[in-house]
Amino acid sequence: MKLHKRIYCIEGHWDYGDREVEPSVEPVLQLLHGMGQWEYARRDCATVKELDYFLQREWNRCREGSILYIASHGEPGMVQFSDGEKQGIETLADKIDCTGCLIHFGGCDVLAIDKSRVRDLVTKTGSVGVSGYEKEVGWADVANSPALALELLLFSSISTQGINLPDGRSARRKLTKLAEQLQSKFPECGFQLHTKWDS
């Protein structure tokens, strides 16, 4: 059975020292849900094996129009989990069907790679597009690339602007405009959004 359209978030462990409470992106997802914009599911993920489990058992059941949000540390072309475990985007692409959906990487530098690799990811997964960062971003630090604000606006705008991801004719124009607006407001983040219609 297909799950309703949602933001499906797989969140790695951030490992910020001796904090008693691990930071999380969940409050952002709760805010979007509380405003009536998105249903969501969030899963803690510490290993590549857990990533595979969530992708196969849950993500691949999400309806078109959903967003796969991978919130973890990153490096060019890779997402990172606990104990140095990493997953390359090409290997990730082999595991998922993202037809009619958007993939967003919340980790630093994940999209600091040749654009051909991003295009291949879009094509291989069938996604509407892939977004993320070419630079190291902060989370809630105004002076250091505030990714929290950018991601809140990204997800909120897709909902409030009525961007129907599977609808190619309107989604292409609206996503391109939204990406330009976010790049203009947050130039220090190195935000990129590549759609399946980009050359």
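With that out of the way, let us pick up the sheet that holds strand β5 (residues 78–80). Reading across from one edge, β4-β5-β6 is the order of the three strands in this open sheet, with antiparallel pairing throughout. The sheet is open, and its two edges are formed by β4 (73–75) and β6 (86–88), each paired on a single side. This sheet shows a mean twist of 25° between the axes of neighbouring strands, independent of strand direction.

Count 3.6 residues to each turn of an α-helix, and residues three or four apart come out pointing the same way. Here helix α6 (residues 168–185) contains 18 residues, and its C-alpha end-to-end distance of 25 Å stays within 8% of the 26 Å for a straight helix at 1.5 Å per residue. Listed as buried for α6 are Ser-170, Ala-171, Leu-175, Leu-178, Ala-179 and Leu-182. Summarising the axial view, the buried residues of α6 lie within an arc of 150°, below the 170-degree limit, and thus occupy one face. Residues of α6 that are exposed and angled more than 90 degrees away from the buried face: Arg-169, Arg-173, Lys-177 and Ser-184. Buried residues belonging to α6 abut α5 (147–160) and β9 (191–195).

This brings us to the sheet that holds strand β8 (residues 129–133). Spatial strand order, β2-β1-β3-β7-β8-β9: six strands in an open sheet with mixed pairing. The sheet terminates laterally at β2 (40–44) and β9, the two strands that pair on one side only. If you compare each strand with its neighbour and ignore which way they point, the axes differ by 15° on average. In the packing of helix α4 (residues 115–125) onto the sheet, contacts are made with β7 (102–105), β8 and β9, and the angle to β9 comes to roughly 50°.

This paragraph deals with the side chain of Glu-58. With respect to the helices and strands, the residue Glu-58 is situated in the loop between α2 (48–57) and β3 (67–71). A polar contact is formed between the side chain of Glu-58 and the side chain of Tyr-8, at a distance of 2.5 Å. Sequence-distant contacts of Glu-58, that is, excluding residues within four places in its chain, are made with Leu-3, Tyr-8, Arg-43 and Tyr-53.

Further remarks concern the pattern of salt bridges. Using the criterion set out here, one finds nine salt bridges in the structure. In this structure, Asp-44 engages Arg-42 in a salt bridge whose closest nitrogen and oxygen atoms are separated by 2.4 Å. Judged by its relative accessible area of 42%, Asp-44 falls in the partly exposed class. Several salt bridges converge on common partners, so that one network encompasses Glu-11, Glu-26, Arg-42 and Asp-44.

Definitions and limits used
Sequence order as written defines the numbering, with residues in each chain counted from 1. Confidence filtering applies because this is a predicted model: local features only for residues at pLDDT of at least 70, side-chain atom pairs given and counted only at 80 or more, and all residues used for totals across whole chains, interfaces and linings. The side-chain values count all of the structure's non-hydrogen atoms but skip hydrogen atoms and water molecules. Two strands are said to pair when DSSP picks up at least two bridges between them. For the purposes of this entry, the term helix denotes a DSSP run of H or I that reaches at least four residues, the term strand denotes a run of E that reaches at least two, and both are numbered from the N terminus. The axes used here are C-alpha line fits, helices contributing only the stretch in contact, and every angle between their N-to-C directions lies in the interval 0 to 180 degrees. In this analysis, the expected span of each helix is defined as 1.5 Å times one less than the number of residues it contains. We call a residue buried when its accessible area falls under 20% of the maximum for its residue type, exposed when it is over 50%, and partly exposed in between, using a 1.4 Å probe and counting protein chains only. In this description, the arc belongs to the directions extending from the helix axis to the C-beta atoms. In what follows, a contact means two residues having at least one pair of non-hydrogen atoms within 4.5 Å. Side-chain atoms alone can form a polar contact between residues adjacent in sequence; in general such a contact is a pair of N or O atoms within 3.5 Å, and within protein one must be able to donate a hydrogen while the other accepts it. What counts as a salt bridge is simple: a side-chain nitrogen of Lys or Arg found within 4 Å of a carboxyl oxygen of Asp or Glu.

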